[in-house]
Amino acid sequence: TVTVSGSSLGDVIEYDIVVTNTGNVTVSNIDITDANADAGSIVGSPIASLAPGSSATVTVEQTITQSDIDAGYIENSATATGDSPSGTDDVSDVSDAGDETVETADGQGNTDGDPTNDPTVTDITSSPELTVTKTVTVSGSSLGDVIEYDIVVTNTGNVTVSNIDITDANADA
């Protein structure tokens, strides 16, 4: 679950990952992995052991990148892997968005039919915006003089804008 949210480039989202032993034997050496976690930000992993019915909370941070903003969302999942009394790395589970009985869509609105592994999704509102400034660099005052301009286009929004076309009805051919 998200404990500290964010919506802008460089904001850090904090998650609590609650690991619960829902089995009937003690699980040990429980390691939490999260492909989107900032390096070194997983705190509380590994978990030495969890008796049946016990839980432990691990925290993780993820910094919002430009590609996250361009996508319009962040998807995050974590995996817990541990050892049962009879094996090594033989117990694992992928995190869920909060309710393992309800299917929750991913960031693109897709579902996979398994309500136990839904990613936690943080939506990011896109705000595309351009600012255009036109300034005279070479002026003229007589018939036939050529006036030159600099046109500066600045992306003042929060998403990447591509295929920008500049038009000027008064420009020479």
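### Details of the pattern of salt bridges
Per the counting criterion, the structure on display carries one salt bridge. Lysine 134 is the partner of aspartate 168 in a salt bridge, and the nearest nitrogen-oxygen pair spans 2.5 Å. With aspartate 168 in the segment after strand E11 (148-155) and lysine 134 in strand E10 (residues 130-138), the pair connects residues that are 34 residues apart, well separated along the chain. The class of aspartate 168 is partly exposed, set by a relative accessible area of 27%.

### A closer look at a nonpolar patch on the surface
On the surface, Leu130, Val132, Val136, Ile147, Tyr149, Ile151, Val153, Ile164 and Ile166 cluster together into a nonpolar patch covering about 720 Å² of accessible area. Among the elements of the structure, E10 and E11 are those that each provide at least two residues to the nonpolar patch. With respect to the secondary-structure elements, isoleucine 147 resides in the loop between E10 and E11. On the basis of relative accessibility, which here comes to 39%, the residue isoleucine 147 falls in the partly exposed class.

### Focus: the packing of aromatic side chains
To describe a pair of aromatic rings, one takes the distance between the centres and the angle between the planes. What the rule picks out here adds up to zero aromatic pairs. A cation over a ring is seen here: lysine 134 above tyrosine 149, with NZ or CZ 4.2 Å from the ring centre.

### Notes on the layout of surface pockets
A volume near 740 Å³ is recorded for the largest pocket. Taken together, 34 residues make up the lining of the largest pocket; nearest its centre are Val18, Val19, Thr20, Asp93 and Glu100. Listed by contribution, the elements that provide at least two residues to the lining of the largest pocket are strand E2 (12-20), strand E3 (27-33), strand E7 (79-83) and strand E8 (91-94). Counting residues per element, the lining of the largest pocket draws most heavily on E2, at six residues. For the lining of the largest pocket, a count of residues per class yields 14 nonpolar, 14 polar and six charged. Size it by volume and the second largest pocket reaches roughly 210 Å³. Around the second largest pocket sit Lys134, Val146, Ile147, Glu148, Tyr149, Ile151, Asp168, Asn170, Ala171 and Asp172, which together line it.

### Observations concerning the environment of aspartate 93
In this structure, aspartate 93 sits in strand E8. Through-space distance from the C-alpha of aspartate 93 to that of threonine 79 is 5.7 Å; in sequence the pair is 14 residues apart. Once residues lying within four places of it in the same chain are set aside, the contact partners of aspartate 93 are Ala78, Thr79, Ala80 and Glu100.

### Section: the sheet that holds strand E1 (residues 2-4)
The three strands are arranged E1-E2-E5 in an open sheet whose pairing can be described as antiparallel. The strands lining the two open edges of the sheet, one partner per strand, are E1 and strand E5 (55-63). On average, each strand axis in the sheet is inclined to that of its neighbour by 30 degrees, with strand direction left out of account. Relative to E5, E2 runs antiparallel, the two being bridged by nine bridges. Directly across from valine 12, in E5, lies its bridge partner threonine 63.

### Remarks on the nonpolar core
One finds Ile17, Val19, Ile30, Ile32 and Ile47 to be the most contacted residues of the largest nonpolar core, which totals 20 residues. Residue assignment for this core shows that the elements contributing at least two residues are E2, E3, strand E4 (47-50) and E5. With four residues, the single largest contributor to this core is E2. Discounting residues that sit within four places of it in the chain, isoleucine 32 has contacts with Ile17, Val19, Ile42, Ser45, Val58, Ala78, Thr79 and Ala80.

Here is what the cut-offs are and how they apply
- Residues numbered from 1 in each chain as written.
- Predicted model: local features only at pLDDT ≥ 70, side-chain atom pairs only at ≥ 80, totals over all residues.
- Heavy atoms only, no water.
- Salt bridge = Lys/Arg side-chain N within 4 Å of Asp/Glu carboxyl O.
- Helix = DSSP H or I, 4+ residues; strand = E, 2+ residues; numbered from the N terminus.
- Buried < 20%, exposed > 50% of the residue type's maximum accessible area, 1.4 Å probe, protein only.
- Patch = residues over 30% accessible without salt bridge, like charges linked within 9 Å, V, L, I, M, F, W, Y side chains within 5 Å.
- Areas by Shrake-Rupley, 256 points an atom, 1.4 Å probe, with all protein chains shown as cover.
- Phe/Tyr/Trp six-rings, centres within 6.5 Å; stacked < 30°, edge-to-face > 60°.
- Lys NZ or Arg CZ within 6 Å of the ring centre and 35° of its normal.
- 1 Å grid on protein atoms, 1.4 Å probe; cavity = no way out; pocket = protein on both sides within 12 Å on 5 of 7 lines; lining within 4 Å.
- Points joined across faces, edges and corners; volume = space filled by probe spheres on them.
- Nonpolar A, V, L, I, M, F, W, Y, C, P; charged D, E, K, R; others polar.
- Contact = heavy atoms within 4.5 Å.
- Pairing = 2+ DSSP bridges.
- Axes fitted to C-alpha atoms, helices over the stretch in contact; angles between N-to-C directions.
- Core = buried A, V, L, I, M, F, W, Y, C linked by side-chain atoms within 4.5 Å.

Purely spatial values, then, with no claim about function.
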